[in-house]
Amino acid sequence: MRPTFLGFETQKRTLQIAQKNLDITGNNISNINTPGYTRQRVDMYSMYVSGNRSMRWSTKTNNLSMQGQGVNAYGVSQIRDIFIDKRYRENVAVEAETSTKVQILSEIEDVLDDFENDGLQHYTQQFFNALQDYSGEKPDSSEVATIVVNTATNLCRLLNVYDTQLKEIEYTYVNELKDSVDYINDMIADMNILNDKIAREKIHLGEGYDPNELCDDMNLYIDELATYGNIEFNRNDDGTYNVMLGGVTILDGESGKTNRLIMKDYDSYGLAIVQYESGHPTDFTSGSLKGYIDMLNGNGVYASGGQNSVHGIAYYKSAINEFARTIANTFNNANGAAEDKSRLMFVSSVEDALITAGNIHVADSWKEDPTMIGKVRILDPITGLYKYGFDENKDDIKEDETSELVNLQNSNIKYLISQFDNQAIKFGNCHDFQGSVYEYISFVSNRLGQDIKYEVSRQETAESTVNGLLDARDDVSGVQMDEEGINMLNYQKWYNASSRMVTALDDLLDKLINGTGRVGL
């Protein structure tokens, strides 16, 4: 036999646990639309049966243990799948990285809009066409020569605009990177405060219980941090969280110490440099921070110092600069500027500076004398010295006997025109490309298109994976109204059945007390 009131104790606990399950179910339903809320459950177990002989009733003929002591609970836990959480945060970081890169590359594409057809290709073709027209006229035809100067000026202006707009994109994202660093630091400070609250609540709750709502808040922070970089975390015995971003600890729950991010001055270093307050360098493998840094520091084959080999803003700035520099050097040399500086066609607007897309412009000497490029180096038979003048060779074909010989030679202009199809031109000190001017334009345009296509493909793959993982996580951790409704009915029936059991036990006890010894009743 068991003690008389053991059944009441068992059913009392049963009623309490059933009621707690109803409470948690109601709480789940109440928070069905709460952002970041994780479905909770009561962790139940069958009551432990002690092996201590003093806890058992026994005689010489039997030894009955105190079985059937009912149910109890050791806590209320959150229903989460650690593996799904980990995969979600890994993939959301990739999605954020590729999204950032696609956005920046798309803005570069907007600047170089229709690079081949209406942009650089178009203005280069206009320059070529003007030279072609000039080659069919007399070298001293100033009106046609002026058109050549104007088309060259338009080409320079376009390159100047490219440089200005690419710099605007550059500094837009420098500022976005700064804002991201500041925002992350604010989150780290908030998470440190939250860690302190969790530790204090954990002391009062005791073993088996967590401040679940505070843990939900922490997981929201961790999810958001995962969009900025590859993140890891673990929990301490006191319930606090240790968080690592980019492989470096940014939050130590036990000590309450934080490790903030620091961004160095972009203009001073010419680079996007982000490091930790502890002095550790950042090494992000994914996330929007990696996207910003790659795009700002990515200089392809022109990378030096702390730059990387990604085709980012720096690379496309370099590509346009190399186009401007190569065009200037090619035509200046073809026009004899190496021996005579007065033959310069393109120069830098900044004295003694390397020609770039930002400073290239038509030389004043060419503007003042548009026919300068129509002149050739001629040996003066009288003085024996070389001078520049118009080629006097005449075409020996006449339209009729009365027409004059027409000067169609224009040899220097024809030589300048030939440079457009020169396959030996090398673009960039690192020889990023070798070929004609038009081929280089197509090369840069195709590379930009390929870069965007590659990152879009990565983004779509990551987005699809993230959406699938979100659905999987919602299936595990999200509140499902149908499921909670069924749980509510089950717990209600459980509570009702336990209540009936108490009534039955009460009837038995009444019989024992009031009916014992009364024969026939």
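Before reading further, recall that the structure is shown in the block above.
Calculation rules
Residues numbered from 1 in each chain as written. Predicted model: local features only at pLDDT ≥ 70, side-chain atom pairs only at ≥ 80, totals over all residues. Heavy atoms only, no water. Core = buried A, V, L, I, M, F, W, Y, C linked by side-chain atoms within 4.5 Å. Buried < 20%, exposed > 50% of the residue type's maximum accessible area, 1.4 Å probe, protein only. Helix = DSSP H or I, 4+ residues; strand = E, 2+ residues; numbered from the N terminus. Contact = heavy atoms within 4.5 Å. Salt bridge = Lys/Arg side-chain N within 4 Å of Asp/Glu carboxyl O. Pairing = 2+ DSSP bridges. Axes fitted to C-alpha atoms, helices over the stretch in contact; angles between N-to-C directions.

Chemist: Explain the nonpolar core to me, please; I cannot follow it from the model alone.
Modeler: One recurring pattern in soluble globular proteins: nonpolar side chains tend to sit buried together. The biggest cluster of nonpolar side chains holds 99 residues, and the ones touching the most others in it are Ile108, Phe127, Leu177, Phe346, Trp366 and Ile373. At 22 residues, helix α4 (residues 142-205) tops the list of elements feeding residues into this core. Aside from chain neighbours lying at most four places away, what touches Ile108 is Leu166, Ile169, Gly312, Ile313, Tyr316 and Leu448. Formed by six residues, the second largest nonpolar core is a distinct cluster that contains Ile24, Val42, Val71 and Ala73.

Chemist: How should I be thinking about the environment of Met501 in this particular structure?
Modeler: Mapped onto the fold, Met501 is located in helix α12 (residues 481-515). In sequence terms Met501 and Gly7 are 494 residues apart; their C-alpha atoms lie 9.0 Å from each other.

Chemist: What exactly am I supposed to notice about the pattern of salt bridges here?
Modeler: Charged atoms that come close allow side chains of opposite charge to pair. Counted under the stated rule, the structure contains 21 salt bridges. Measuring nitrogen to oxygen at the nearest pair gives 3.0 Å for the salt bridge that ties Arg80 to Asp85. Arg80 gets classed as partly exposed once you look at its relative accessible area, which sits at 24%. What makes Asp85 buried here is its relative accessible area of 6%.

Chemist: Any chance you could explain the sheet that holds strand β5 (residues 231-235) here in plain terms?
Modeler: Judged by pairing direction, the sheet is antiparallel, and its four strands sit side by side in the order β5-β6-β7-β8 without closing on themselves. Of all the strands in the sheet, the pair left with one neighbour each is β5 and β8 (257-258). Alignment of β5 against strand β6 (residues 241-245), held across five bridges, turns out to be antiparallel. Counted as the bridge partner of Ile231 is Leu245 from β6. Against the sheet, helix α5 (residues 212-226) contacts β5, β6 and β7 (248-252), and its axis sits at roughly 5° relative to β6.

Chemist: Looking at this structure, how should I read helix α7 (residues 288-297)?
Modeler: One turn of the α-helix equals 3.6 residues, which is why residues spaced by three or four share an orientation. Judged by how many residues are buried, α7 sits mostly within the fold: 10 of 10 residues are covered. Restricting attention to buried positions, one finds in α7 the residues Ser288, Leu289, Lys290, Gly291, Tyr292, Ile293, Asp294, Met295, Leu296 and Asn297.

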